[in-house]
Amino acid sequence: MTKYHTIVVGGGPAGMMAAGQAAGLGANTVLLEKETAPGRKLRITGKGRCNLTNIAPLPEFIEHFGENGRFLRQAFNKFFSPDLVDFLKEMEVTIMTERGGRVFPENEDAQAVTDAMIQWVKLQGVSIRTKSPVGKLLVDHDSIMGVRIGDNELHADTVIIATGGMSYPATGSTGDGYRLAQSVGHTVVPVRPALVPLITAGSVAPRLQGLSLKNIRVRVYIDGKKRLEDFGEMLFTHFGLSGPIILTLSGAIVDAMREKKNVSLSIDLKPALDESKLDARLLRDLDTYGKRQFHTLLKGLLPKKLIPVCCDLIGISSEKINNQISAAERRKLRAWLKDFRFDINGHRQIKEAIVTAGGVDIREVNPRTMESLLIKGLFFAGEVLDVNGDTGGYNLQAAFSTGWLAGQSAVHLKKR
Ligand SMILES: Cc1cc2nc3c(=O)[nH]c(=O)nc-3n(C[C@H](O)[C@H](O)[C@H](O)COP(=O)(O)OP(=O)(O)OC[C@H]3O[C@@H](n4cnc5c(N)ncnc54)[C@H](O)[C@@H]3O)c2cc1C
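Source: prediction; values computed, not measured.

Caption draft 1: View of the overall build of the chain. Each helix and strand in the chain was counted, giving 13 helices and 18 strands. Seen through its C-alpha atoms, the chain measures out along the principal axes to roughly 90 × 45 × 35 Å. Per-residue burial over the chain gives 54% buried out of 416 residues. When the accessible surface of the chain is summed, it comes to about 18,300 Å², and 49% of that surface belongs to carbon and sulfur atoms. In the chain, the 54 positive side-chain charges and the 44 negative ones have mean positions that sit 4 Å from each other.

Okay, here's the thing in structure tokens:
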């Protein structure tokens with residue numbers, strides 16, 4: 001039976017990077033992927049455009065992962081966004097940077113990135129085996145010995161688990177890595193959705209389905225206290241709220257709801273104007289358009305779809321003549337523009353989340369090597385670890401960086 005130096009379990013960005021690094025350094029490496037091809041999730045990233053990374057400097061980059069971000073420092077020190085960009089250039093994937101420092105391939109084609117990555121893995125000499133779901137880890141006296149696929153055993157000096165999280169299970173990420181890690185004694189921090197759309201109470205959000213709001217501020221209230229805020233873009237859906245800033249705020253909201261806390265969300269539709277400036281603007285508009293109907297004034301303030309909703313919520317007829325709007329009604333409009341509220345009832349399921357929060361406890365993994373502190377020769381990379389970042393290219397960079405480090409470390413581990 002062939003004995004490999006390195007077995008990589010899972011052919012996502014983390015696993016492909018790990019396998020390519022190990023093989024590139026001369027290790028006899030096999031990549032085991034349970035689907036018919038590696039990189040299924042990578043193909044759909046960034047709405048098919050693949051937000052590869054972000055140009056944020058390291059300290060800021062790490063902040064986008066919350067408390068556990070510190071664990072990634074060593075991996076990022078070794079292989080960070082400029083290294084990824086150089087790496088991609090060598091594969092003839094040229095990049096461009098967009099608003100918010102988000103880095104995309106110039107051809108905006110996640111499929112092409114995935115194909116280039118698979119090609120690179122092959123060129124490094126990795127043997128890729130698809131339709132190979134690993135069901136068990138083989139361990140002897142706290143050392144990894146190999147893996148089992150059905151009735152077949154594969155033996156190796158090192159095994160890298162890069163099985164991803166639990167979101168979008170049709171791509172192959174079904175949480176197998178958590179079970180494999182637990183079976184050899186690792187703790188798995190409870191998994192839950194992160195970067196997930198939110199479900200709102202009432203019928204207002206569904207009425208606005210499809211409407212996207214840009215340059216707005218969202219504030220999150222947990223048990224009545226303001227806890228978080230963000231600025232940017234959001235989207236109304238048939239069940240509630242989605243879009244970049246909602247997804248970014250969702251992790252903390254999911255956690256609060258797990259603790260049975262009340263969550264409400266306030267949209268500031270005019271964040272550039274404080275109350276007095278907004279009031280001055282409304283007074284001016286009411287004066288200028290005094291003889292026209294209220295909805296014509298709102299046209300200058302709101303997207304069309306929002307106008308009837310605004311009128312209903314503040315209780316002013318859209319046909320009311322502007323010079324008949326009272327001071328109290330003006331104050332009501334002003335308050336609503338700064339605080340358009342939604343009670344949050346829940347969140348969509350993990351299968352619809354962009355990433356999974358929770359995972360293999362990072363206190364049991366060496367951040368300098370990605371090696372397990374419990375089982376010699378066992379490594380972890382990518383989303384299977386308890387690290388998850390905001391939208392903006394942070395998660396793919398984490399997968400590539402931890403994959404890079406695990407692949408390199410697996411080779412440098414002294415052969416048994
Ligand atoms: C719709 C969507 C869009 C996204 N867009 C972006 C984006 O633009 N930018 C960004 O930074 N992040 C994005 N993400 C997140 C990013 O895709 C993931 O964080 C990243 O793919 C994680 O990489 P990974 O290699 O750890 O795991 P995955 O990509 O999930 O790969 C894991 C692989 O392991 C395989 N596998 C699982 N179990 C087994 C087993 N038992 N045996 C063998 N193989 C197994 C799976 O089939 C899969 O191929 C997006 C996610 C989604 C769902």
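Caption draft 2: Representation of the sheet that holds strand β14 (residues 240–242) in the model. Spatially, the six strands close up into a barrel ordered β11-β14-β13-β12-β15-β16, and their pairing is antiparallel. Taking the axes of each pair of neighbouring strands and ignoring which way they run, one obtains an average angle of 45° across the sheet. By the bridge criterion, two bridges tie strand β11 (residues 198–200) to β14 in an arrangement that is antiparallel. What sits directly across from I199, in β14, is G240. Where helix α12 (residues 327–338) meets the sheet, it contacts β12 (212–222), β15 (263–268) and β16 (340–347), and its direction lies at approximately 110° from that of β15.

Caption draft 3: Main features of unusual backbone geometry. Phi at E92 is positive, roughly 65°, even though this residue is not glycine. By secondary structure assignment, the location of E92 is in the loop between α4 (81–90) and β4 (95–98). Positive phi is not limited to glycine here, since D142 has a value of about 65°. Position of D142 relative to the elements: it lies in the loop between β7 (136–140) and β8 (143–149).

Caption draft 4: Broad picture of a nonpolar patch on the surface. A surface patch of nonpolar side chains, about 250 Å² in accessible area, is lined by I44, Y168 and I354. With respect to the secondary-structure elements, I354 resides in the loop between β16 and β17 (355–360). The partly exposed category is assigned to I354, whose relative accessible area is 40%.

Caption draft 5: Local environment of the side chain of S266. Its place among the elements puts S266 in strand β15. Given the relative accessible area of 1%, S266 is considered buried. Within the structure, S266 has its side chain in polar contact with the side chain of D339 (distance 2.7 Å). Non-local contacts of S266, meaning those with residues more than four positions away in its chain, are made with R217, V218, R219, Y221, K338, D339, F340 and R341.

Caption draft 6: Just the pattern of salt bridges, in detail. The full count for this structure, using the stated rule, is 26 salt bridges. Two residues, D268 and K338, come together in a salt bridge whose shortest N-O distance is 3.0 Å. Within this pair, whereas D268 is found in strand β15, its partner K338 is found in helix α12, the two being separated by 70 residues in sequence. The burial state of D268 is the same as that of K338; both residues are buried. The residue E329 makes a salt bridge to K320 at a minimum N-O spacing of 3.0 Å. For K320, a relative accessible area of 23% gives the class partly exposed. Salt bridges linked by common partners bring R217, R219, K226, E229, D268 and K338 together as one network.

The rules behind each value
Residues numbered from 1 in each chain as written. Predicted model: local features only at pLDDT ≥ 70, side-chain atom pairs only at ≥ 80, totals over all residues. Heavy atoms only, no water. Helix = DSSP H or I, 4+ residues; strand = E, 2+ residues; numbered from the N terminus. Buried < 20%, exposed > 50% of the residue type's maximum accessible area, 1.4 Å probe, protein only. Areas by Shrake-Rupley, 256 points an atom, 1.4 Å probe, with all protein chains shown as cover. Lys, Arg positive; Asp, Glu negative; His and termini not counted. Charge placed at Lys NZ, Arg CZ, Asp CG, Glu CD. Pairing = 2+ DSSP bridges. Axes fitted to C-alpha atoms, helices over the stretch in contact; angles between N-to-C directions. Contact = heavy atoms within 4.5 Å. Patch = residues over 30% accessible without salt bridge, like charges linked within 9 Å, V, L, I, M, F, W, Y side chains within 5 Å. Salt bridge = Lys/Arg side-chain N within 4 Å of Asp/Glu carboxyl O. Polar contact = N/O pair within 3.5 Å; in protein donor to acceptor, adjacent residues only side chain to side chain.

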